[in-house]
Amino acid sequence: MLLIKAYEDIYHHIPSPDPIDAIKLKMSEKGLKNKDLVEWVGSKSYVSALLNGKKPLTLKLAKLFHERLGIPAQVLLS
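My aim in this report is to walk through the structure given alongside it, one point at a time. Just so it is clear, the model here is predicted, and its values are computed rather than measured.

Looking at the overall build of the protein chain
On a plain count of helices and strands, the protein chain comes out with 6 helices and 0 strands. Counting helices and strands in the order they occur from the N terminus, the protein chain gives α-α-α-α-α-α. Rg of the C-alpha trace for the protein chain: 15 Å, well past the compact-globule value of 12 Å for 78 residues, more than 25% over. Principal axes of the C-alpha set define a box for the protein chain whose edges measure 50 × 25 × 20 Å. When contacts within the protein chain are restricted to residue pairs at least 6 apart in sequence, long-range pairs at least 24 apart make up 50% of them. Of the roughly 5900 Å² of accessible surface on the protein chain, 58% is carried by carbon and sulfur atoms.

Points about the pattern of salt bridges
Overall, the coordinates contain 2 salt bridges when judged by the stated rule. Residues Asp9 and Lys5 are paired through a salt bridge, measuring 2.8 Å at the closest nitrogen-oxygen approach. You can see Asp9 and its partner Lys5 sitting in helix 1 (residues 2–11), 4 residues apart, about one turn around the helix. Glu29 is paired through a salt bridge with Lys26; the nearest N and O atoms lie 3.6 Å apart. Note that Glu29 and Lys26 are positioned in helix 2 (residues 19–30) at a spacing of 3 residues, about one turn of the helix.

Observations concerning the packing of aromatic side chains
Going through the model one piece at a time under the given rule, you end up with 2 aromatic pairs. With a centroid separation of 4.8 Å and an interplanar angle of 40°, the aromatic rings of Tyr7 and Tyr11 are classed as tilted. With Tyr7 and Tyr11 both in helix 1 and 4 residues apart, the pair spans about one turn of that helix. Taking the relative accessible area as the measure of exposure, Tyr11 reaches 56% and is therefore exposed.

Observations regarding the packing of helix 2 against helix 5 (residues 59–69)
Across the interface, helix 2 lies against helix 5 with an axial gap of 11 Å and an inter-helix angle of 30°. The orientation of helix 2 with respect to helix 5, classified from their angle, is roughly parallel. Judged by the twist between their axes, the crossing of helix 2 over helix 5 is left-handed. Contacts between helix 2 and helix 5 pair Ile23, Lys26 and Lys30 from the former with Phe65, Arg68 and Leu69 from the latter. Residues belonging to the contact of helix 2 with helix 5 are distributed by class as follows: 3 nonpolar, no polar and 3 charged.

Quick notes on the rules
One numbering rule holds for all chains: residues counted from 1, following each sequence as written. With pLDDT at 70 or above as the cut-off, local features in this predicted model cover only qualifying residues; side-chain atom pairs require 80 or more to be listed or tallied, and sums for whole chains, interfaces and linings still use all residues. As a convention, hydrogens and water are excluded, and side-chain values are obtained from all of the structure's heavy atoms. Secondary structure elements follow DSSP: runs of H or I no shorter than four residues count as helices, runs of E no shorter than two count as strands, and numbering proceeds from the N terminus. The globule rule is 2.2 Å times the number of residues to the power 0.38, and the radius of gyration it is compared with is taken over C-alpha atoms. Two residues form a contact once any of their heavy atoms are found within 4.5 Å. In these tables, accessible area is a Shrake-Rupley quantity obtained with a 1.4 Å probe, and a residue counts as shielded only by the protein chains included in the view. In what follows, salt bridge is the name for a side-chain nitrogen of Lys or Arg lying within 4 Å of a carboxyl oxygen of Asp or Glu. Pairing of aromatic side chains requires ring centres within 6.5 Å, counting the rings of Phe and Tyr and the six-membered ring of Trp. Pairs whose planes differ by under 30 degrees are stacked, by over 60 edge-to-face, and all others tilted. The rule is simple: take the accessible area with a 1.4 Å probe, protein chains only, and divide by the maximum for that residue type; under 20% is buried, over 50% is exposed, in between is partly exposed. Every axis corresponds to a line fitted to the C-alpha atoms, with the helix fit spanning only the stretch in contact, and the corresponding angles, defined between N-to-C directions, vary from 0 to 180 degrees. Each angle gets one of four labels, with under 35 degrees taken as roughly parallel, over 145 as roughly antiparallel, 65 to 115 as roughly perpendicular, and the rest as oblique. Two helices crossing with the near one rotated counterclockwise from the far one by less than a right angle form a left-handed crossing, whereas a clockwise rotation gives a right-handed crossing. Each residue is assigned to one of three groups, with Ala, Val, Leu, Ile, Met, Phe, Trp, Tyr, Cys and Pro labelled nonpolar, Asp, Glu, Lys and Arg labelled charged, and all others, Gly among them, labelled polar.

Here is the structure:
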C-alpha cells in the first residue's frame with residue numbers, strides 16, 4: 001500500500017481544493033446563502049469580501065467553518 005501511495009503521490013498527485021471553493025460548495029450543498037453566514041462572520045460586506053477572495057480566511061473563521069459546515073481543517077488551512 002505504501003508503494004502504491006508513493007507512486008500516486010508522484011505521478012497522480014491530486015491537489016487540495018481551494019478553501020473558499022470548498023466553503024462555497026458546502027454552502028451550495030446545504031442550501032445556504034451569503035446572508036446565512038452573516039450571523040457567523042459579522043457583516044454582509046465581510047462575507048462577500050471573504051467569498052470573493054478580497055479578505056483572508058482567518059484561523060478563527062477556518063475553525064468556525066470546520067465546525068459548522070463540516071469541512072476538513074486540512075482543506076481550510078491549505
